[in-house]
Amino acid sequence: MSTTPPTATTLVTSIHALDRAREAMTGTVAAVLTMGALHDGHLALVARARELADHVILTDFVNPLQFGPGEDYEAYPRDLEADLSAVDGLVDVVFAPPVEEMYPVLPPTVSVSAGRAGTVLEGAARPGHFDGVVTVVTKLFQLTRPHLSVFGRKDAQQLAIIRRLVADLNLPVRIEDVPIQREESGLARSSRNAYLTDTGRQHALALSRTLAAVSEAAPSTAAVLATLESARRSAPAEVDWDYATAVSPVTLEPITPAHRGLALVLLAARIEGTRLIDAAVVEASAP
Ligand code: PAF
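To start, this report covers the structure provided alongside it. (Residues numbered from 1 in each chain as written. Predicted model: local features only at pLDDT ≥ 70, side-chain atom pairs only at ≥ 80, totals over all residues. Heavy atoms only, no water.)

**Quick notes on the site of the ligand**
Every residue lining the ligand is accounted for by L33, T34, M35, Q66, V133, V136 and Q158. Separating an oxygen atom of the ligand from a side-chain N or O atom of Q66 is a distance of 2.6 Å. Between the ligand and the protein, one listed contact pairs an oxygen atom with a side-chain N or O atom of Q158 at 2.8 Å. In isolation the ligand exposes 290 Å². Once the protein is present, 87% of that is buried. At the level of secondary structure, the elements contributing two or more residues to the shell around the ligand comprise β2 (29–34) and α6 (129–144). Among the residues making up the shell around the ligand, the classes are represented as 4 nonpolar, 3 polar and no charged. (Near = heavy atom within 4 Å. Polar contact = N/O pair within 3.5 Å; in protein donor to acceptor, adjacent residues only side chain to side chain. Areas by Shrake-Rupley, 256 points an atom, 1.4 Å probe, with all protein chains shown as cover. Helix = DSSP H or I, 4+ residues; strand = E, 2+ residues; numbered from the N terminus. Nonpolar A, V, L, I, M, F, W, Y, C, P; charged D, E, K, R; others polar.)

**Focus on the sheet that holds strand β1 (residues 10–12)**
On the basis of which strands lie adjacent, the open sheet formed by 6 strands has the order β1-β4-β3-β2-β5-β6 and parallel pairing. Each edge of the open sheet is held by one strand with a lone partner, namely β1 and β6 (174–178). Strand-to-strand twist across the sheet, computed as the mean angle between neighbouring axes with direction ignored, equals 25°. Direction of pairing for strand β3 (residues 55–60) relative to strand β4 (residues 93–95): parallel, over a ladder of 3 bridges. The residue of β4 that forms the bridge with I57 is V93. (Pairing = 2+ DSSP bridges. Axes fitted to C-alpha atoms, helices over the stretch in contact; angles between N-to-C directions.)

**Details of the packing of aromatic side chains**
Counted under the stated rule, the structure contains 3 aromatic pairs. Ring centres of F61 and Y103 lie 6.1 Å apart, and the angle between their planes is 45°; on these two criteria the pair is classed as tilted. In this pair, F61 is assigned in the loop between β3 and α3 (80–87) and Y103 in the loop between α4 (99–102) and α5 (122–125), connecting sequence segments 42 residues apart. You can call F61 buried: its relative accessible area is 5%. Aromatic side chains F67 and Y76 sit 5.6 Å apart centroid to centroid with 75° between the ring planes, which places their arrangement in the edge-to-face category. The partly exposed category is assigned to Y76, whose relative accessible area is 21%. Through pairs of rings, three or more aromatic residues link up here, namely F67, Y73 and Y76. We note R78 situated over the ring of Y73; from NZ or CZ to the ring centre the distance is 4.8 Å. (Phe/Tyr/Trp six-rings, centres within 6.5 Å; stacked < 30°, edge-to-face > 60°. Buried < 20%, exposed > 50% of the residue type's maximum accessible area, 1.4 Å probe, protein only. Lys NZ or Arg CZ within 6 Å of the ring centre and 35° of its normal.)

**Considering the sheet that holds strand β8 (residues 261–271)**
The strand order β7-β8-β9 describes an open sheet built from 3 strands, whose pairing is antiparallel. Strands with a single pairing partner mark the edges of an open sheet, and in this sheet they are β7 (240–247) and β9 (274–284). Ignoring which end each strand starts from, the neighbouring axes of this sheet average 10° apart. As judged from the 7 bridges shared by β7 and β8, these two strands associate in the antiparallel manner. By the bridge assignment, V247 is partnered in β8 with L264.

**Side note on the side chain of T9**
Residue position: T9 is located in the segment before β1. Among the polar contacts listed, one links the side chain of T9 to the backbone nitrogen of G89, at a separation of 2.8 Å. Polar side-chain contacts of T9 include one of 2.7 Å to the backbone oxygen of V91. Once residues within four sequence positions are removed from consideration, T9 is found in contact with V87, D88, G89, L90, V91, D92 and V94. (Contact = heavy atoms within 4.5 Å.)

**Describing the environment of Q157**
Structurally, Q157 can be placed in helix α7 (residues 156–168). Residues Q157 and V94 lie 63 residues apart in sequence; the distance between their C-alpha atoms is 26 Å. Contacts of Q157, omitting those with residues within four sequence positions, involve A117, V120, L121, E122, G123, F130, L252 and L266. Here the side chain of Q157 touches E122 through a polar contact of 3.0 Å, landing on its backbone nitrogen.

Below, the structure is given as structure tokens:
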């Protein structure tokens, strides 16, 4: 485990240079995968990675495969200088390859599929998105060869799918997660919160309050499902639910009252036109 900070952060942009840097690492290695535009959420991933491993590689790559037609791939914020100064001295290596280095042929001939789990919920609105995510994550794991990799719980569907990727393809990496960061009010931190008025922020608390009510309802599966149903029905008109559901963390299929075990509660709603997500894992292990 890391006790002293890395003295210098090295930027590498080629696979060859990454290989050399990786070979020089003697202890355990953590990978933090990002698309850049680094913010506090990413720094929490880096902090956890540093607690868990001797070396940290941060990847900074805007992956074209996970953007659909009409999505903001071209406009996605890119500021490598700012990213480098955000993690300077905190990670050993920043790997920021150009697109051609990652995809000499685009789209690649062979890619990875997230299966049905990638087609529901967030994936229903973004066809192909999770296939693009698992393809680049597989490539980045191959390239960085980490012992562990740290992801945020906020992108709960992505995290669940990456756990399946690692389990189903026997990838030799441990997945660690960090809790959702919340404001004092309970609202999950997100750069999108800045778009909300004070009234919108009040309405947005419907998400974290729903999670609190679901946690109280657990471990009764029936009560968890009833709480979600009542949240959907009783929310004010200003909370436009996209989904408020409890799913299996393995298949991402909605759970039924007969379900016994962990359930992933996933929420997405539009408030004042801004789409917010929130999530929690609960025990749903009783009638
Ligand atoms: O969460 C993200 O930023 C991206 O989906 C990831 C995991 C870096 C893959 O491009």
